[in-house]
Amino acid sequence: MEEGSEAQPPHPPNAEAVERPSPVPMDQDEGQEAAAEPMEDGEAAAGDASEAADPMEDGEAAGDSTPAAEPMEDDAPTSSPTPSAPSATAAVDDSTIARKRRRRKKQFPGMIPTAGVRVLRGSSSSSAHNAAHLTGVPRRRGRPPTSSSLRLARELDSEALIALAAGFPADSLSEDEIAAAVLPRIGGTEQANYLVVRNHIVALWRSNPLSPVAANAALASIRSEHAPLVAAAHSFLSEHAYINFGLAPAVLLLPPRPPPSFPPPSVLIVGAGFAGLGAARHLMALGFKVAVIEGRLRPGGRVFTKTMRSSAADYPDTVAAADLGGSVLTGINGNPLGVIARQLGFPLHKVRDKCPLYLPDGRPVNPDMDARVEAAFNQLLDKVCQLRQVIADGVPHGVDLSLGMALEAFRAAHGVAAEHEERMLLDWHLANLEYANAAPLADLSMAFWDQDDPYEMGGDHCFIPGGNSQFIRALADGIPIFYGQNVRRIQYGRDGVMVHTDKQSFRGDMVLCTVPLGVLKKGDIKFVPELPAQKKEAIQRLGFGLLNKVVMLFPYDFWDGRIDTFGHLTEDSCQRGEFFLFYSYSSVSGGPLLIALVAGESAVKFEQASPMENVEKVLETLRKIFSPKGIEVPNPLQAICTRWGTDKFTYGSYSYVAIGASGDDYDILAESVHDRVFFAGEATNRRYPATMHGALLSGYREAANILRAARRRAKKVDSPEKMDINVEVKVDVNGEVKDNVKDSNIDLDDLFRSPDAAFGGFSVLHDPATSEPDSVSLLRVGIGARKLGSGSLFLYGLIMRKNVAVLAAIEGDEQRLSTMYRDFGTKLVGLDSLGDAGESLISRIKAAARK
């Protein structure tokens, strides 16, 4: 389907082209925090060339120190810097300065809770202890550390920060590591040693992603007694694509891993965007058979680079590459797309800071007023933060309001932006916030609109010269993709899955659905059986917003190629998102290319007008800005207007947290169904939604989940136990397909919805065969509570029935956990690690439930 509608204005008069600066790559160590600028302007970050030091031997401290090239000099920002609240990335990039006005999100003091973000310090005893333990050098009590051990501690801390940038907790296991059972027990010295090993391997890979990291490379600097930890960490990191991923020649030459079963399981992937391509490539490396089914006639999804060419006789050689979808790369530190950019040798052009703003009549905004209004805008968001904290503290189950309603209430109450010009400037900031979320502020959740901010990847915004489809082409190379296949139906059962398109049907063992949230909300794909109610509710709760562009190729650069962005204020608040921000791509596109953004309510109205009408409006805006300066604005040689809202393969641009939704809904949407149907895409990534790197990471995540599911199925291949859902397909006399869904087994999650005992994050199922106090019960503990009371991750343990009442009488889950470990000896593990006693208990519980 065509992503944009072209408008061909009259050819301009002959004019001398202005010399355009060549693309200047950026230093990958630039220390600005980035926000995720998704569908429209940047769903990805590129960079992270962290150089790691060996934590087990003396050496130089590690850090993100491998540059791509020298950075272009930054212009001073027009408005005052916006103060940033601490986040998970702050520890990674301690040279962070104020967030640029064009960036997708802004953080404000008090907006983001940072509890739980732990960073190892150079003088921390934990780092020194880990170093001493792994190297066999004991710390002598009462004696100061040597300079060598201090250097070791600094190196270990730097490696922890590199792992933090890659998405790991600084000093604890990630949820994926717990689910993968990388250790037999959680906590203790063994976990501390594992973390040092894991961080070291991640740092080794980031120091040189052109060459795969072998397990023996990490083991070379670690005592041999810790070889099992190295093997566990290396296996986990490889399977989850934290290391040895991407498109470097040496990585591509790695032999595929042995498949989890024979014949190798087959996976059907719906959608050839970043999520689908990333998953497909990684699954193939893990030994799976893969087929990608794509409705469009090209890969990339919401990432599409269009080559624009002049048809005017006076400018026959004017050509430019225009990103109609994701364009600006954000957050280069720790970003997997940064690794791939480095592997492919893509230069990175840092988006320069200077972003002048212009009034409707073309006059520049007064800098003092600009700074004053921006500070007031930040204060309004501070007030909203305080309000939601009061609500959270005072209302047991919380209440959600519209972010726009709250901001307007505080603006009116405090008399902010009373003057007309001030109000126009405030509207510009509000439009910028709507652009960040692809939604009108009236639709955003006041409580959770910024739930992903603590996880933002640090680093600068940058452009990829030539466009982001270069990533797509490289990722798609060698992957079997079936184009022009519009998926209508996904059917799953105990024998596998069927994907039906409007042309043919595909059969596989599992299916990974990566279609945009807009398609799921529209219901264009039917799932048989229907998706679980909880997942359908999450799909409806989450928002899927809209952002559009007018992309114009001009005969020459008339807007000053020394800046990459400039803004425009509007008279009418209802039109504040109309062409409020312009991106200049003349430095990186190969031609004089200018892009106007349309956000908020204006993005919806934009699609109701003709392309020619929209182009004329943009030209009128540009002439108001530049004509008073004596600069003539020529007609464009070619123009394209995007219409993502009416694109049947997207129905919008990217996800946002709507009123009544929360970050939990991203997790729910990411959950698989019966280990047959899996989901990926930016709207399934709670930490990095609405970004290209979030989509790619979700694909890697699901590849690892599919591998784990395939291994479980391989273990049970000879078991008489059947899958929970059995689908029989029948055709009636009229030729219509009928589905007969049968319950053939009991699901453990269903049983825990009505447990025998529940308190805090704990729930218990007793052994139905006995009521003796010393009998064993099945305990489940939720890690990361959801608003519905379930957990985003569950751990299990076996506990005596008589001890359940003792735990229930204790106040607080932390105290319960402490008592359970210390007094009862109950350890929490993954469901597959309960042993024979646990499996026998679960069988008895399920057997009783069937009666």
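Structure: above.
Residues numbered from 1 in each chain as written. Predicted model: local features only at pLDDT ≥ 70, side-chain atom pairs only at ≥ 80, totals over all residues. Heavy atoms only, no water.

(A) A look at the overall build of the chain. Per the secondary structure count, the chain includes 23 helices and 28 strands. In the chain, buried positions account for 58% of the 851 residues. Summed over its atoms, the accessible surface of the chain is roughly 33100 Å², and 52% of this surface lies on carbon and sulfur atoms. (Helix = DSSP H or I, 4+ residues; strand = E, 2+ residues; numbered from the N terminus. Buried < 20%, exposed > 50% of the residue type's maximum accessible area, 1.4 Å probe, protein only. Areas by Shrake-Rupley, 256 points an atom, 1.4 Å probe, with all protein chains shown as cover.)

(B) Representation of helix α21 (residues 801-809). All of the buried residues in α21 are N803, V804 and L807. The buried residues of α21 all sit within an arc of 115 degrees when viewed along its axis, so they share a single face. Relative to its buried face, α21 has exposed residues pointing more than 90 degrees away, namely A805 and A809. (Arc of directions from axis to C-beta.)

(C) View of the packing of aromatic side chains. What the rule picks out here adds up to 23 aromatic pairs. Between F566 and F626, the aromatic rings sit 5.8 Å apart at their centres with planes inclined by 90 degrees, giving edge-to-face as the arrangement. Of the two residues, F566 sits in strand β17 (residues 565-568) while F626 sits in helix α17 (residues 611-626), which places them 60 residues apart along the sequence. Each member of the pair F566 and F626 is classed as buried. One aromatic cluster in this structure is built from Y358, F554, F558, W559, F566, F582 and F626. The residue whose ring lies beneath K629 is F626, and the NZ or CZ to ring-centre distance is 5.6 Å. (Phe/Tyr/Trp six-rings, centres within 6.5 Å; stacked < 30°, edge-to-face > 60°. Lys NZ or Arg CZ within 6 Å of the ring centre and 35° of its normal.)

(D) The arrangement of the sheet that holds strand β13 (residues 510-513) in detail. Spatially, β9-β3-β2-β13-β22 is the arrangement adopted by the 5 strands of the open sheet, whose pairing is parallel. Among the strands making up the open sheet, the edge pair consists of β9 (481-482) and β22 (677-679). As paired strands, β13 and β22 are joined by 3 bridges and run parallel to one another. Opposite V511, over in β22, you have V677 as the bridge partner. (Pairing = 2+ DSSP bridges.)

(E) The arrangement of the sheet that holds strand β12 (residues 505-508) in detail. An order of β12-β11-β10-β14 is seen for the 4 strands of this open sheet, with the pairing classed as mixed. Looking along the sheet, the strands with just one partner apiece sit at the ends: β12 and β14 (526-528). Averaged over all adjacent pairs, the angle separating strand axes in this sheet is 15 degrees, with direction ignored. Note: strand β10 (residues 487-493) against β14, 3 bridges, orientation parallel. (Axes fitted to C-alpha atoms, helices over the stretch in contact; angles between N-to-C directions.)

(F) Spatial organisation of unusual backbone geometry. Omega for the peptide link from F262 to P263 comes to -5 degrees, which places this bond in the cis form. Here P263 lies in the loop between α7 (249-252) and β2 (266-270). Along the chain, V528 connects to P529 via a cis peptide bond; the corresponding omega equals -5 degrees. The phi dihedral of A181 falls on the positive side, at around 55 degrees, and the residue is not glycine. Secondary-structure assignment places A181 in the loop between α3 (175-179) and α4 (188-207). A181 gets classed as partly exposed once you look at its relative accessible area, which sits at 35%.

(G) Representation of the pattern of salt bridges in the model. Enumeration over the complete set of coordinates arrives at 31 salt bridges. For R541, the salt bridge goes to D665, with nearest N and O atoms at 2.6 Å. You can see R541 sitting in helix α15 (residues 533-541) and its partner D665 sitting in helix α18 (residues 664-670), a full 124 residues away along the chain. Residues participating in the shared-partner salt-bridge network are E408, R411, R423, D427, E434 and R576. (Salt bridge = Lys/Arg side-chain N within 4 Å of Asp/Glu carboxyl O.)

(H) The arrangement of the pairing of strand β5 (residues 319-323) in detail. Burial analysis of β5 places 4 of its 5 residues in the buried class, which makes it a mostly covered element. In the sheet, strand β4 (residues 305-309) pairs with β5 via 5 bridges, with the strands oriented antiparallel. Of the residues in β5, the one forming a bridge with M308 is A320.

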